Amino acid sequence: MKYTLILILSFLSFTLFAQKPCEYTANVSDSIGTYKSTTEYLISEKIFAGNSNYIFYSLALTDGLPTLNVQFIQKSKDFMKVNCFDKDSRIYLQLQNGKIVTLVHVDQDNCGTMIRDDKGYDNRVKSGIFMFQKDNYEDLKISPVSIMRIKYSTDNVDYVFKKEFTSELDGKVYRPETYFIDNIRCIQ
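Residues numbered from 1 in each chain as written. Predicted model: local features only at pLDDT ≥ 70, side-chain atom pairs only at ≥ 80, totals over all residues. Heavy atoms only, no water.

**Details of the pattern of salt bridges**
Where charged atoms from two side chains of opposite charge come close, those side chains can pair.
Reasoning step 1: A full pass over the atoms with the stated rule returns eight salt bridges.
Reasoning step 2: In this structure, the salt-bridge partner of K99 is D139, at a minimum N-O distance of 3.4 Å. Note that K99 is positioned in the loop between β6 (90-95) and β7 (100-105) and D139 in the loop between β9 (122-132) and β10 (145-151), a separation of 40 residues in sequence.
Reasoning step 3: A relative accessible area of 42% places K99 in the partly exposed class.
Reasoning step 4: Residue classification places D139 among the buried residues on the basis of a relative accessible area of 13%.
Reasoning step 5: Measuring nitrogen to oxygen at the nearest pair gives 3.1 Å for the salt bridge that ties E138 to K141.
Reasoning step 6: Its relative accessible area of 25% is what places K141 among the partly exposed residues. (Salt bridge = Lys/Arg side-chain N within 4 Å of Asp/Glu carboxyl O. Helix = DSSP H or I, 4+ residues; strand = E, 2+ residues; numbered from the N terminus. Buried < 20%, exposed > 50% of the residue type's maximum accessible area, 1.4 Å probe, protein only.)

Listed below in structure tokens is the structure:
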């Protein structure tokens, strides 16, 4: 009986701590090269006074080069401030172990696209591709992220990562602090 109980507890602990499988939106390998991209993951959600702001991450591997794809979606009936990416844009991730990881934007200007929906809301969609640097890539695998600072062409904006939140958008639970710990293995 004692061995059966130990066996059952061991099995349950393996299933509880097992990593979930990687989910990809693209996984292509052909004569031109290889491309692999994870599904988008909600990192930040802010809904207040009729305004909605969402930030999504996805990781990509293009011919061996790992990148972070960031997508911003803003929805409002009011004026929305425009923040643009340029060649000097950066993402700074402050880890809980005190280190700072810097991601460099690809040399492509982007201020997003404005779309007006049938309910009178303005929707701005903006995407950016950021490259990892070799010297601090490994730190993301072992330490949660506490703060993200985005350096735009004219402004800096800070986002405090939550340990966990339930999205009003889709009702799912997201864990932004451990996004890289959970997913960076998917592009290696």
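Picking up after the structure, the text goes on.
**Regarding the environment of K151**
Reasoning step 1: Structurally, the position occupied by K151 is in strand β10.
Reasoning step 2: In contact with K151, not counting residues within four places along its chain, are D88, S89, R90, Y92 and N156. (Contact = heavy atoms within 4.5 Å.)

**Some remarks on the packing of aromatic side chains**
Reasoning step 1: A full pass over the atoms with the stated rule returns twelve aromatic pairs.
Reasoning step 2: Ring geometry for Y57 against F180: centres 5.7 Å apart, planes inclined by 50°, an arrangement best described as tilted. One end of the pair, Y57, is in strand β4 (residues 51-62); the other, F180, is in helix α2 (residues 179-183), and 123 residues separate them in sequence. Of the two residues, Y57 and F180, neither departs from the other in class, the shared state being buried.
Reasoning step 3: The ring centre of Y121 lies 4.9 Å from the NZ or CZ of K77, which sits over that ring. (Phe/Tyr/Trp six-rings, centres within 6.5 Å; stacked < 30°, edge-to-face > 60°. Lys NZ or Arg CZ within 6 Å of the ring centre and 35° of its normal.)

**Observations regarding the nonpolar core**
Reasoning step 1: Core analysis: the largest hydrophobic core is formed by 34 residues, its most contacted members being Y57, L68, I91, L93, L140 and F180.
Reasoning step 2: Contributions of two or more residues to this core are made by β3 (41-48), β4, β5 (65-76), β6, β7, β9, β10 and α2.
Reasoning step 3: A total of six residues in this core trace back to one element, the largest contributor, which is β4.
Reasoning step 4: Setting aside its immediate chain neighbours within four residues, L140 contacts L93, L95, V101, F132, V145, F180, I181 and I184. (Core = buried A, V, L, I, M, F, W, Y, C linked by side-chain atoms within 4.5 Å.)

**Some remarks on the layout of surface pockets**
Reasoning step 1: Volume-wise, the second largest pocket comes out at about 440 Å³.
Reasoning step 2: Around the second largest pocket, the lining is made up of 20 residues, and of these K46, N53, I55, V157 and Y159 lie nearest the centre.
Reasoning step 3: Broken down by secondary-structure element, the contributors of at least two residues to the lining of the second largest pocket are β3, β4, β5 and β11 (156-160).
Reasoning step 4: Element by element, the count of residues in the lining of the second largest pocket is highest for β3, at four residues.
Reasoning step 5: The class makeup of the residues in the lining of the second largest pocket is ten nonpolar, four polar and six charged. (1 Å grid on protein atoms, 1.4 Å probe; cavity = no way out; pocket = protein on both sides within 12 Å on 5 of 7 lines; lining within 4 Å. Points joined across faces, edges and corners; volume = space filled by probe spheres on them. Nonpolar A, V, L, I, M, F, W, Y, C, P; charged D, E, K, R; others polar.)

In short, the description is geometric, and any link to function would need to be established separately.
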